[in-house]
Amino acid sequence: MQERRETDPAVRVTDCTLRDGEQAPGVAFTVAEKVAIARLLDAAGVQRIEAGCPAMGGAEARALAATADAGLAARVVGWCRADRRDIRAAVACGLVEVHVCVPASDGHVARTFGADGGRDRARRTLLDAVAHAQDHGLAVSAGFEDASRADDGFVVDLAGELGTRGVRHLRWADTVGLLEPLGARERLGGLARQVDADWEIHAHDDFGLATANTLAAVRAGFRWVSTTVGGLGERAGNAALEEVVMALRHLLQVETGVLSPGLRILALQVAAASRRPLPAGKAVVGSAVFAHESGIHTKGVLATPGAYEPFPPEEVGGRRRLVLGKHAGRAGLRHVLRSSGIDVEEHALAPLLAAVREHHTAHKRPPRLADLRALVERVVRSQGSGDGAAPDIPARPQVA
Ligand SMILES: [Zn+2]
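The structure presented is a predicted model; accordingly, all values stated were derived computationally and were not measured. (Residues numbered from 1 in each chain as written. Predicted model: local features only at pLDDT ≥ 70, side-chain atom pairs only at ≥ 80, totals over all residues. Heavy atoms only, no water.)

Draft legend 1. Seen up close, the packing of helix 4 (residues 84-92) against helix 6 (residues 118-135). Running from N to C, helix 4 and helix 6 point in directions that differ by 25 degrees, and their axes come no closer than 9 Å. One finds that helix 4 runs roughly parallel with respect to helix 6. Read as a crossing pair, helix 4 and helix 6 show a hand that is right-handed. Along the contact surface, helix 4 presents R84, I87 and R88, while helix 6 presents D128, A129, H132 and A133. Residue composition of the contact of helix 4 with helix 6, by class: three nonpolar, one polar and three charged. (Axes fitted to C-alpha atoms, helices over the stretch in contact; angles between N-to-C directions. Helix = DSSP H or I, 4+ residues; strand = E, 2+ residues; numbered from the N terminus. Parallel < 35°, antiparallel > 145°, perpendicular 65-115°, else oblique. Left-handed = near helix turned anticlockwise from the far one by under 90°. Contact = heavy atoms within 4.5 Å. Nonpolar A, V, L, I, M, F, W, Y, C, P; charged D, E, K, R; others polar.)

Draft legend 2. Focus on helix 7 (residues 152-164). The first and last C-alpha atoms of helix 7 sit 19 Å apart over 13 residues, in line with the 18 Å expected at 1.5 Å per residue. Two to three positions downstream of the cap, the backbone nitrogen of G153 sits 2.9 Å from a side-chain oxygen, assigning the N-cap of helix 7 to D151. G166, located one to two residues past helix 7, shows a positive phi value of around 85 degrees. (Expected span 1.5 Å × (residues − 1). Polar contact = N/O pair within 3.5 Å; in protein donor to acceptor, adjacent residues only side chain to side chain.)

Draft legend 3. Region of interest: empty space enclosed by the protein. For the coordinates displayed, the defined rule picks out one cavity of 30 Å³ or more. Estimates place the volume of the largest cavity at around 30 Å³. (1 Å grid on protein atoms, 1.4 Å probe; cavity = no way out; pocket = protein on both sides within 12 Å on 5 of 7 lines; lining within 4 Å. Points joined across faces, edges and corners; volume = space filled by probe spheres on them.)

Draft legend 4. Structural context of the pattern of salt bridges. Using the criterion set out here, one finds 32 salt bridges in the structure. A salt bridge links E161 to R165; the nearest nitrogen and oxygen atoms lie 3.7 Å apart. Accessibility expressed as a relative area gives 21% for E161, which makes it partly exposed. Take R165: its relative accessible area is 37%, and that puts it in the partly exposed class. Across the salt bridge formed by D196 and R168, the nearest N and O atoms sit 3.5 Å from each other. With a gap of 28 residues between them, D196 in the loop between helix 8 (181-194) and strand 7 (198-203) and R168 in the loop between helix 7 and strand 6 (169-174) connect regions that are remote in the sequence. D196 gets classed as exposed once you look at its relative accessible area, which sits at 64%. Note on R168: relative accessible area 36%, which makes it partly exposed. One salt-bridge network, held together by shared partners, links R19, D20, R48, E50, R75, E97, R171 and E200. (Salt bridge = Lys/Arg side-chain N within 4 Å of Asp/Glu carboxyl O. Buried < 20%, exposed > 50% of the residue type's maximum accessible area, 1.4 Å probe, protein only.)

Draft legend 5. Here's a closer look at the environment of V301. Within the fold, V301 resides in helix 12 (residues 295-303). Judged by its relative accessible area of 3%, V301 falls in the buried class. Considering only alpha carbons, one finds V301 and L248, 53 residues apart in sequence, at a separation of 24 Å. If we skip the residues at most four places from it in the chain, V301 touches H292, Y308, E309 and R320.

Draft legend 6. Molecular detail of the sheet that holds strand 6. In space, the eight strands of this closed barrel follow the order 1-2-3-4-5-6-7-8, with parallel pairing throughout. Pairs of neighbouring strands in the sheet enclose a mean axial angle of 25 degrees, with direction left out of account. Pairing of strand 3 (residues 75-81) with strand 4 (residues 97-103) involves four bridges; the strand directions are parallel. Its bridge partner being in strand 4, W79 is matched across the sheet by H99. Its contacts with the sheet put helix 2 (residues 31-44) on strand 1 (12-15) and strand 2 (48-52), and the angle it makes with strand 2 is roughly 170 degrees. Sitting on the sheet, helix 6 touches strand 4 and strand 5 (139-145), and the angle it makes with strand 4 is about 175 degrees. (Pairing = 2+ DSSP bridges.)

Draft legend 7. Up close: the side chain of E242. Of note, E242 is situated in helix 10 (residues 241-251). Classification of E242 by relative accessible area gives buried; the value is 1%. In terms of polar contacts, E242 uses its side chain to reach the side chain of K282, at 3.3 Å. Setting aside its immediate chain neighbours within four residues, E242 contacts T228, V229, G230, G231, L263, K282, A283, V284 and V285.

Draft legend 8. Layout of the coordination of the zinc ion. Donor atoms from the polypeptide that bind the zinc ion are D20 (OD), H202 (NE2) and H204 (NE2), placed at 2.0 to 2.1 Å. Between consecutive donors of the zinc ion, the numbers of intervening residues give the motif D-x181-H-x1-H. Taken as a pair, D20 in helix 1 (residues 17-21) and H202 in strand 7 lie far apart in primary sequence, 182 residues in all. As far as burial versus exposure is concerned, D20 and H202 are alike and both buried. (Donors = N, O, S within 2.8 Å, 3.2 Å for Na, K, Ca; no water.)

Draft legend 9. Inspection of the packing of aromatic side chains at higher detail. Throughout the structure, instances matching the rule amount to three aromatic pairs. With a centroid separation of 5.6 Å and 25 degrees between ring planes, the pair formed by W199 and F222 is classed as stacked. In this pair, W199 sits in strand 7 while F222 sits in the loop between helix 9 (210-219) and strand 8 (224-227), placing the two residues 23 residues apart along the sequence. Comparing W199 with F222, the two get one shared label, buried. Members of the aromatic cluster, connected to one another through ring pairs, are F144, W199 and F222. (Phe/Tyr/Trp six-rings, centres within 6.5 Å; stacked < 30°, edge-to-face > 60°.)

Draft legend 10. Here's a closer look at helix 8. Across its 14 residues, helix 8 extends 20 Å between first and last C-alpha, which sits within 8% of the 20 Å expected from 1.5 Å per residue. Three or more residues of helix 8 are buried, namely A184, L188, G189, G190 and L191. At the N-terminal end of helix 8, a side-chain oxygen is found 3.0 Å from the backbone nitrogen of L182, two or three residues along, and the residue is E180.

Shown next as structure tokens:
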């Protein structure tokens, strides 16, 4: 086992890309893809990797066995229902840690265990599965499914009983993404005060609030976060690893032990394996999030990158790009020409800018280098044959 680089981060990460992420509709990873993603997560410093569901058997079980056997520093965890068969399947995969999940909301409890006496059956089933796992020498965490719609008193009771059995790591799942950050801060703070445990927030993104709710939980005292790379997951997905890690660092000054330069590669790898291209504007890791086109922004970034960037692109393995397009200004144009080795007289910049804007609009994409050379040639030629008085382009007002 490798040495952990970060021994005591304030918040730790359970990444669920290989389990919850893969449950995204239409996504299926091969064994090789799962092991490769697990290696990248491990290299990035993620502390726990929830690698799949042992009870599925077949390729899923082979992937779990291969991941468990890959010599990772991260703990490899199998997701189990509160069911002895799931525990035995995890043991057969060679896992040494399981996450045991039980429905917590009355709606889910009734569907799984019946409306009458369902809570008690849920409790007994959970404790039986936990004991079974412990008898097999497994480390155990427990999770409350649909906790955001559950009675907090029921969750507190279960958490207390689990504590007496040595289960300290507890996941509070906002399964359908119904939390909002201000309410979460208050509610989860109360929970953390009532039950001394290693609480983990597991947030879904149905209202686009998964990362915000994850941060709220950390402010409430939760010390573990569930994530998936790129937010891949059921429906609208989960809290994205890259968003959570970077937002915790830059907005709350909290470190997770995750090494951020690997985040973009990880996102690209998961995007490829899931056949879901990374959106250009995806927070933190999208190809456009450090691209600048508009005149005011480009000029600002050229002088002071931090003027229009929350952190340097290199911090997440990205790079800064200037896009020469419809909203470009002279500073950006001058910079692109210079860095492309194209020499243009200052008085030709205004008509060239006009030509660039027209090209972008007409072709629905910014000019490429060959296009730019052609535009330069056309503008210079027209200036040479005309009266030389190029029309001035009024500065475009840009919304900052
Ligand atoms: Zn989930």
